[in-house]
Amino acid sequence: MSVDGDDAQTVSGARSGILDEVEAAEAALRDAALRGRIPGPRAADDPTCPDKPGDPDRDFVEMIDADQKIEPRDWMPDGYRRTLIRQIAQHAHSEIIGMQPEGNWLTRAPSLHRKAILLAKVQDEAGHGLYLYAAAETLGISREELVDLLLAGRQKYSSIFNYPTLTWADVGAIGWLVDGAAIINQVPLCRCSYGPYARAMIRICKEESFHQRQGYEILHTLAHGTPAQHQMAQDAVDRWWYPSLAMFGPPDADSTHSGQSMRWKIKRFSNDELRQRFVDMCVQQVEPLGLTLPDPELRWNEQRQAYDFTPPDYDELLRVIRGDGPCNRQRLAHRRAAHAAGGWVREAARAYAEKQAGRRKAGDTTAGVGVATAGVGAPPVGAGAG
């Protein structure tokens, strides 16, 4: 069963609004490029301007205030660089680890059509991880360093991926709720003050909008199927609702990084503002599904012009972040096994690159064309029970 009629208009309207925001951010990037930049921040001892000592902090603030993009060659405060590396790395790790819960259903999808769509989605997530690792590398850290930090447990990924996918309906719930929360979080990043991150997010958000539609359609089909299928869909929504709310992070009063990130315009909205937008969106979309959100306190607040809702269990969020979620150990164990199994591919790629570099250095113009090897060597993502 496809989503059609008023039901299709409900989800399509929300999706169109999201894509409109992405298109506006993309247009702003183009307009800024056509206007030209004010001189970027430079170090006080920049040899290119010996007669005019730079004031890098002032220049940096002027760039941020002018809504222009900081680029890799610009001077930036160490804290800004560290914050970006932490955030972009966590985002990239989440895309890669996030392949596992849905990859678990690649061999068990209910039809060839569903399998093909899910496979395409999982491949998209791998691509998103590569875009983001590339953006992080512009900040002076290598992809190898980032992966090593993840495997050592010294960098995090989104807590949502430490929950198991127990039924096919979970794939739908992830698409609608988890990807929906990700979109609410990520669309403002298309206007992030750091240019490479903002540009990567344009394409990622466009693809994520299709992922959300795919999940919604799975739930709609199940919810309008047999009573058992309807119950399966409702159970998945019940289990994924509060973990999805927790994806926006701790409440603003307890957030360690949010305030400074907003001053630097890395973030544009606070955790609580984004969480409210997500709730208001889901309330509109759940009714056509014929399902309910598992919150007895959910009700419209006329004064706030928004829905009141029960917050997620932030103590549970902290436990999962610290490694005590249902699937933390399994997710990292699988990632470590995949990394180890792909070692020979990385080694072969390095050897090939060194050989080609040696030929070029020797002036051998007959050297062959290289082979793209980024991201290869990982085994199927569907291993494991989660």
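Rules behind the numbers
- Residues numbered from 1 in each chain as written.
- Predicted model: local features only at pLDDT ≥ 70, side-chain atom pairs only at ≥ 80, totals over all residues.
- Heavy atoms only, no water.
- Phe/Tyr/Trp six-rings, centres within 6.5 Å; stacked < 30°, edge-to-face > 60°.
- Helix = DSSP H or I, 4+ residues; strand = E, 2+ residues; numbered from the N terminus.
- Buried < 20%, exposed > 50% of the residue type's maximum accessible area, 1.4 Å probe, protein only.
- Lys NZ or Arg CZ within 6 Å of the ring centre and 35° of its normal.
- 1 Å grid on protein atoms, 1.4 Å probe; cavity = no way out; pocket = protein on both sides within 12 Å on 5 of 7 lines; lining within 4 Å.
- Points joined across faces, edges and corners; volume = space filled by probe spheres on them.
- Axes fitted to C-alpha atoms, helices over the stretch in contact; angles between N-to-C directions.
- Parallel < 35°, antiparallel > 145°, perpendicular 65-115°, else oblique.
- Contact = heavy atoms within 4.5 Å.
- Nonpolar A, V, L, I, M, F, W, Y, C, P; charged D, E, K, R; others polar.
- Polar contact = N/O pair within 3.5 Å; in protein donor to acceptor, adjacent residues only side chain to side chain.
- Disulfide = S-S within 2.5 Å.
- Expected span 1.5 Å × (residues − 1).
- pLDDT = per-residue confidence, 0-100.

**Regarding the packing of aromatic side chains**
Aromatic rings considered in pairs are described by the distance between their centres and by the relative angle of their planes.
Turning to step 1, where the next piece is worked out: The final tally for this structure, using the stated rule, is 9 aromatic pairs.
Turning to step 2, where the next piece is worked out: With a centroid separation of 6.4 Å and 85° between ring planes, the pair formed by F60 and W75 is classed as edge-to-face. Linking F60 in helix α2 (residues 56-65) with W75 in the loop between α2 and α3 (78-97), this pair joins segments that are 15 residues apart in sequence.
Turning to step 3, where the next piece is worked out: Residue classification places F60 among the buried residues on the basis of a relative accessible area of 3%.
Turning to step 4, where the next piece is worked out: The exposure class assigned to W75 is partly exposed, which follows from its relative accessible area of 24%.
Turning to step 5, where the next piece is worked out: Chaining the aromatic ring pairs together yields one cluster made of F60, W75, Y80 and W264.
Turning to step 6, where the next piece is worked out: The ring centre of W105 lies 4.0 Å from the NZ or CZ of R108, which sits over that ring.
Turning to step 7, where the next piece is worked out: Taking NZ or CZ as reference, R277 lies 5.3 Å from the ring centre of F269, over its face.

**Concerning the layout of surface pockets**
Turning to step 1, where the next piece is worked out: By volume, the largest pocket amounts to about 1,300 Å³.
Turning to step 2, where the next piece is worked out: Around the largest pocket sit 50 residues that line it, and R86, Q90, M247, F248 and G249 are the ones nearest its centre.
Turning to step 3, where the next piece is worked out: Going through the elements one at a time, α3, α7 (168-186), α8 (195-223), α10 (258-263), α11 (271-289) and α12 (314-321) are the ones with two or more residues in the lining of the largest pocket.

**Comments concerning the packing of helix α13 (residues 328-341) against helix α14 (residues 343-361)**
Helices that pack against each other are described as a pair by the angle of their axes relative to one another and the distance between those axes.
Turning to step 1, where the next piece is worked out: As a packed pair, α13 and α14 sit with axes 4 Å apart at the nearest point and diverge in direction by 40°. The orientation of α13 with respect to α14, classified from their angle, is oblique. Seen from α13, the contacting residues are H339, A340 and A341; seen from α14, they are G343, W344 and R346.
Turning to step 2, where the next piece is worked out: When its residues are assigned to classes, the contact of α13 with α14 shows 3 nonpolar, 2 polar and 1 charged.

**Focus on the side chain of T221**
Turning to step 1, where the next piece is worked out: Residue placement: T221 occurs in helix α8.
Turning to step 2, where the next piece is worked out: In this structure the side chain of T221 is engaged in a polar contact, spanning 3.5 Å, whose partner is the side chain of R114.
Turning to step 3, where the next piece is worked out: Among the polar contacts made by the side chain of T221, one reaches the main-chain carbonyl oxygen of E217 at a distance of 3.0 Å.

**So, the state of the cysteines**
Turning to step 1, where the next piece is worked out: Tallied over the entire structure, the rule returns 0 disulfides.
Turning to step 2, where the next piece is worked out: Unpaired in this structure, C190 has its nearest cysteine sulfur neighbour in C205, at a distance of 3.9 Å.
Turning to step 3, where the next piece is worked out: The exposure class of C190 is buried, given its relative accessible area of 0%.
Turning to step 4, where the next piece is worked out: Free of any disulfide, C192 has its nearest neighbouring cysteine sulfur in C190, separated by 9.7 Å.
Turning to step 5, where the next piece is worked out: Classification of C192 as buried rests on a relative accessible area of 0%.

**Focus: helix α5 (residues 112-137)**
Turning to step 1, where the next piece is worked out: If you check α5, its first and last C-alpha atoms are 38 Å apart, about what 26 residues at 1.5 Å a residue would give, namely 38 Å.
Turning to step 2, where the next piece is worked out: Regarding α5, the residues found buried are R114, L118, K121, V122, E125, G127, H128, G129, L132, Y133, A135 and A136.
Turning to step 3, where the next piece is worked out: Tucked inside the fold, the buried residues of α5 contact α3, α4 (99-103), α6 (143-151), α7 and α8.

**Remarks on unusual backbone geometry**
Turning to step 1, where the next piece is worked out: With a phi close to 60°, K265 is a non-glycine residue in the positive phi region.
Turning to step 2, where the next piece is worked out: As for its placement among the helices and strands, K265 is situated in the loop between α10 and α11.
Turning to step 3, where the next piece is worked out: The phi dihedral of Q305 falls on the positive side, at around 55°, and the residue is not glycine.
Turning to step 4, where the next piece is worked out: Among the secondary structure elements, Q305 is positioned in the loop between β1 (299-301) and β2 (306-308).
Turning to step 5, where the next piece is worked out: We classify Q305 as partly exposed; its relative accessible area is 46%.

**A closer look at the packing of helix α9 (residues 227-246) against α11**
Turning to step 1, where the next piece is worked out: Taken N-terminus to C-terminus, the directions of α9 and α11 make an angle of 150°; their axes are 10 Å apart at the nearest point. Relative to α11, the element α9 lies roughly antiparallel. Judged by residue contacts, W241, S244, L245 and A246 of α9 engage R275, F278, V279 and C282 from α11.
Turning to step 2, where the next piece is worked out: Residues that form the contact of α9 with α11 fall into these classes: 6 nonpolar, 1 polar and 1 charged.

**Considering the confidence of the model for the chain**
Turning to step 1, where the next piece is worked out: Overall, the predicted model of the chain reaches an average pLDDT of 88, with 84% of residues at or above 70.
Turning to step 2, where the next piece is worked out: Mean pLDDT in the chain bottoms out at helix α1 (residues 5-35), which sits at 67, and peaks at α9, which reaches 98.
Turning to step 3, where the next piece is worked out: Below a pLDDT of 50 lies the segment residues 369-385, which in the model reaches 29 contacts outside its immediate sequence neighbourhood of four places, other chains included.

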